[in-house]
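Coordinate analysis (summary)
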Protein chains: 2
Amino acid sequence: MSKIKPEPISGFPEFLPDEQITFDWARDLIRRHYESFGFSPIETPAVERAEVLLAKGGNDREIYGLHRLAEDESGGDADLALHFDLTVPLARYVAQYAGQLAFPFRRYQIQPVWRGERPQAGRYRQFYQCDIDVIGDRQLSLFNDAEMPAVISGIFSEMEIGPFTIRINNRKVLRGLLADIGLGDDEAEAIRAFDRIDKIGRANVAEQLRQLGATDEGVDRLLALAGGTRSTDEWMEWLEAQDVNETFAEGIAELRTVVEGFRAMGVPEDHFRVDPGLARGLDYYTGTIYETRLDDHPEVGSICGGGRYENLAENYTNRKLPGVGISIGLTRMLPRLFEAGVLTPGRSTPARVLVSLFSPDQWADALKIGAALREAGIPTEVYAEKKKLKQQLKYAARKGHDLVVIAGPSELETG
Amino acid sequence: MSKIKPEPISGFPEFLPDEQITFDWARDLIRRHYESFGFSPIETPAVERAEVLLAKGGNDREIYGLHRLAEDESGGDADLALHFDLTVPLARYVAQYAGQLAFPFRRYQIQPVWRGERPQAGRYRQFYQCDIDVIGDRQLSLFNDAEMPAVISGIFSEMEIGPFTIRINNRKVLRGLLADIGLGDDEAEAIRAFDRIDKIGRANVAEQLRQLGATDEGVDRLLALAGGTRSTDEWMEWLEAQDVNETFAEGIAELRTVVEGFRAMGVPEDHFRVDPGLARGLDYYTGTIYETRLDDHPEVGSICGGGRYENLAENYTNRKLPGVGISIGLTRMLPRLFEAGVLTPGRSTPARVLVSLFSPDQWADALKIGAALREAGIPTEVYAEKKKLKQQLKYAARKGHDLVVIAGPSELETG
């Protein structure tokens with residue numbers, strides 16, 4: 001028979017069992033923290049109607065549509081496509097079940113998403129996102145914005161992946177200043193330019209802002225927000241001393257409340273930093289924004305981001321639903337942590353004990369020993385093949401069992 | 001702005017939070033049992049190459065292929081499709097990483113699968129499967145076949161979904177008898193007919209077997225296997241008294257070994273039953289086969305099935321890889337258990353405590369109380385909106401918190 005060569009598909013990562021066990025450990029840890037803050041689980045189908053995905057920000061070149069491989073008749077599936085994030089499905093879900101949900105609606109969602117990226121190293125076409133969002137009915141208190149860094153801080157502390165910083169800003173600060181320097185009409189474009197300061201440098205950003213119509217003085221005022229070495233309190237003081245406009249002042253007041261909030265919750269000072277240079281590309285955000293990086297591993301990039309938005313589901317309902325959320329990009333993050341040596345996969349089995357098989361005559365005894373160990377709460381594998389003990393020990397060493405139970409005839413006789 | 005009406009898509013089920021919490025509980029329970037037997041987790045991408053899916057049993061009318069919604073150039077994704085089960089991906093995975101895996105390779109895999117079914121009530125187009133398989137390198141001991149019912153028995157006992165029976169048979173019994181009555185060449189078709197005995201009745205099955213060329217006596221001998229009321233030991237005795245052929249005898253000897261195996265592991269007698277009338281439709285199986293149903297709720301149908309197969313990955317490798325596995329169809333099963341009243345969703349939040357907010361002035365105190373409760377291991381939600389206490393209590397009652405912490409100014413003053 002001619003064989004099909006099994007090959008990896010670019011952008012669709014998969015793990016060996018030892019890496020998968022580490023992945024599952026991280027996912028469980030994140031889930032436990034989300035649940036400890038009272039976020040309820042939901043899961044939406046991988047599939048949404050294409051019009052739902054395209055209504056808010058979906059790029060039709062990056063969205064995977066579905067078709068049957070052999071279409072014998074028009075199956076009515078032509079409008080189905082895979083979700084590219086978990087925010088659009090959340091918006092659809094909340095609009096659909098609004099009458100059955102209690103608001104504020106707090107949900108977590110840990111699922112893969114799909115993006116039709118060009119095949120390229122490190123560009124994932126399927127990856128997990130771990131999201132939390134709080135959705136209010138018409139209004140949503142700023143205290144929810146303060147809670148997000150507390151969740152993140154707890155997760156990354158317990159993961160022990162080294163020092164990290166949650167940078168925090170408020171879009172209103174940027175928007176206020178942009179309006180003041182005459183870029184109010186090109187706000188989205190200006191924010192996108194400003195967001196790329198680490199990638200393309202200050203001079204290039206300045207040039208782009210000038211092209212949008214900013215004066216040299218305006219550019220200087222905007223760039224003064226970026227790259228400073230001030231502490232959170234120094235930045236707050238500096239910002240509060242500026243007299244720009246109402247939007248700017250509102251942003252600073254919100255930042256102040258949020259910082260007070262996570263200080264009240266006991267988030268350690270070295271886990272967060274107010275940074276008015278943080279922009280985040282998405283148009284979507286209207287208030288608080290967050291981004292988290294590892295201090296010692298800038299090459300890993302952003303491991304968690306999010307923010308506040310005005311109206312989650314405006315495409316589906318007239319009900320105004322403001323929200324705030326964060327997302328941990330687990331699939332992007334973990335292989336980079338493996339590469340950076342921050343996390344190392346260990347054992348490749350969840351069993352702690354291997355019960356060896358001395359000879360096929362003893363199989364019933366081996367199965368009994370295995371059952372008794374499991375009964376005692378110890379994950380146990382029984383080796384059932386006819387192999388020499390030496391090979392069984394090699395197997396256990398390779399998989400990572402802590403202990404091998406060797407029960408030969410004499411051991412079994414004496415009990 | 002014109003609104004898009006959010007609507008359910010037929011065949012793509014999703015749950016409200018209370019149901020999702022029950023779903024997650026069941027999934028976690030299954031996972032814990034799988035891990036206690038030393039099955040390692042793996043996860044494969046949702047996507048495989050179409051040729052991989054079609055090589056073994058994939059129906060191209062039921063497989064969803066992927067395309068980009070707007071294809072600006074030939075993106076090279078034309079050969080990608082969603083997996084329709086977890087066995088084909090397992091075969092591809094094992095063939096691909098054979099050099100890096102320790103055999104016997106024991107894995108579990110809990111993921112959704114997709115099938116392009118016609119929209120129809122109860123026909124899922126996305127559903128979770130929870131699979132375990134043990135794959136041997138050239139050989140695989142029958143003791144693994146004995147382990148499967150022990151895993152199933154532990155899971156459904158702990159789920160407390162009422163009495164259940166794991167029916168067990170061996171394909172060689174059927175194949176031996178079919179050869180003996182002259183249907184050896186039409187084996188697959190005869191097994192499929194025999195498998196439908198509950199659906200279409202004995203007379204119709206008899207007619208189909210006669211059309212395949214069976215004599216009346218042959219039909220009688222085959223139908224004698226089905227629908228008996230014998231106990232496991234009575235069946236074994238009856239079967240062992242038959243003198244048919246070598247294949248038949250081999251099947252009975254294997255059944256005997258497997259039954260002894262799960263007796264050794266302490267599987268309760270009322271959880272399993274040898275039933276030579278069990279056929280299972282799939283061509284795939286070559287030895288032991290299993291199927292589990294709830295005794296009091298036949299309408300729920302099969303909740304778990306599986307069996308032994310000769311060669312997992314013959315389409316991808318020359319290495320002979322025999323295996324045995326089972327699959328729990330969680331998405332199909334759970335809504336039916338809800339309908340049958342066997343399981344009832346409860347709370348819709350993982351938080352046990354709601355800290356109420358007396359007034360916005362007290363928010364820092366409320367956040368502190370929440371953080372302290374979480375620190376003590378109690379999942380806690382802090383209510384942050386400006387609402388009357390009565391409404392906060394209503395919210396807690398609706399979501400299912402066990403306890404509401406009411407901390408007004410006097411309580412906070414007195415500590």
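Not measured: the values here are computed from a predicted model.

Judged by side-chain charge, K388, K390, K394 and R398 of chain A come together as a positively charged surface patch. Examined against the element boundaries, K394 of chain A turns out to sit in helix α14 (residues 389–399).

Next up on the list: the domain arrangement of chain A. When cut into domains, chain A gives domain 1 (17–67 + 74–339) and domain 2 (353–414). A straight line from the C-alpha centre of domain 1 of chain A to that of domain 2 of chain A covers 50 Å.

Our focus in this paragraph is the sheet that holds strand β7 (residues 164–170) of chain B. The strand order across the open sheet built from eight strands is β1-β5-β6-β11-β10-β9-β7-β8 (chain B), with neighbouring strands paired in mixed fashion. With partners counted over all chains shown, the strands left at the sheet margins are β1 (40–41) and β8 (272–274) of chain B, one partner each.

The next point concerns the pattern of salt bridges. Per the stated rule, a full pass over the model turns up 69 salt bridges over all chains. Salt-bridge contacts for R27 of chain B lead to E43 of chain A; the nearest nitrogen and oxygen are separated by 3.2 Å. Of this pair, R27 of chain B sits in helix α1 (residues 17–36) while E43 of chain A is found in the loop between β1 (40–41) and β2 (47–49), placing the two residues in two different chains. Each of the two residues, R27 of chain B as well as E43 of chain A, counts as buried. With its nearest N and O atoms 3.8 Å apart, the salt bridge here joins E147 of chain B to R374 of chain A. Taken as a pair, E147 of chain B in helix α4 (residues 143–159) and R374 of chain A in helix α13 (residues 363–375) lie in two separate chains rather than in one. There is no split in this pair, since E147 of chain B and R374 of chain A are both buried. What emerges from the salt-bridge pattern is a single network uniting R167, R273, D275, R280, E291 and R293 of chain B.

With that settled, consider unusual backbone geometry. Residues and elements named next belong to chain A. For the peptide bond that leads from F103 to P104, omega is 0 degrees, which places it in the cis range. With respect to the secondary-structure elements, P104 resides in the loop between α3 (87–97) and β5 (105–114). The residue R138 is not glycine, and still its phi comes out positive at about 75 degrees. Residue placement: R138 occurs in the loop between β6 (126–135) and α4 (143–159).

With that out of the way, let us pick up the interface of chain A and chain B. Interfaces are frequently sized by the accessible area removed from exposure as the parts join. Each partner contributes residues to the interface: chain A has 119 residues there, and chain B has 119 residues. Buried area between chain A and chain B, summed over both chains or domains, comes out near 10200 Å², and the portion from carbon and sulfur atoms is 57%. Along the contact surface separating chain A from chain B lie ten salt bridges. With a shortest N-O distance of 2.5 Å, R92 of chain B and E14 of chain A are connected by a salt bridge. Inspection of the chain A/chain B interface yields 55 residue pairs in polar contact (both at pLDDT 80 or more). A total of nine residues in the side of chain A that touches chain B trace back to one element, the largest contributor, which is helix α1 (residues 17–36) of chain A. For the side of chain A that touches chain B, the residue count by class is 60 nonpolar, 25 polar and 34 charged. Two elements, strand β3 (residues 64–68) of chain A and strand β3 (residues 64–68) of chain B, share five bridges in a ladder whose sense is antiparallel. Its bridge partner being in β3 of chain B, H67 of chain A is matched across the sheet by G65 of chain B.

Reading the values: rules and limits
- Residues numbered from 1 in each chain as written.
- Chains lettered and ligands numbered in written order.
- Predicted model: local features only at pLDDT ≥ 70, side-chain atom pairs only at ≥ 80, totals over all residues.
- Heavy atoms only, no water.
- Patch = residues over 30% accessible without salt bridge, like charges linked within 9 Å, V, L, I, M, F, W, Y side chains within 5 Å.
- Areas by Shrake-Rupley, 256 points an atom, 1.4 Å probe, with all protein chains shown as cover.
- Salt bridge = Lys/Arg side-chain N within 4 Å of Asp/Glu carboxyl O.
- Lys, Arg positive; Asp, Glu negative; His and termini not counted.
- Charge placed at Lys NZ, Arg CZ, Asp CG, Glu CD.
- Helix = DSSP H or I, 4+ residues; strand = E, 2+ residues; numbered from the N terminus.
- Domains from an automatic or database assignment.
- Pairing = 2+ DSSP bridges.
- Buried < 20%, exposed > 50% of the residue type's maximum accessible area, 1.4 Å probe, protein only.
- Contact = heavy atoms within 4.5 Å.
- Buried area = accessible area lost by both parts, 1.4 Å probe.
- Polar contact = N/O pair within 3.5 Å; in protein donor to acceptor, adjacent residues only side chain to side chain.
- Nonpolar A, V, L, I, M, F, W, Y, C, P; charged D, E, K, R; others polar.

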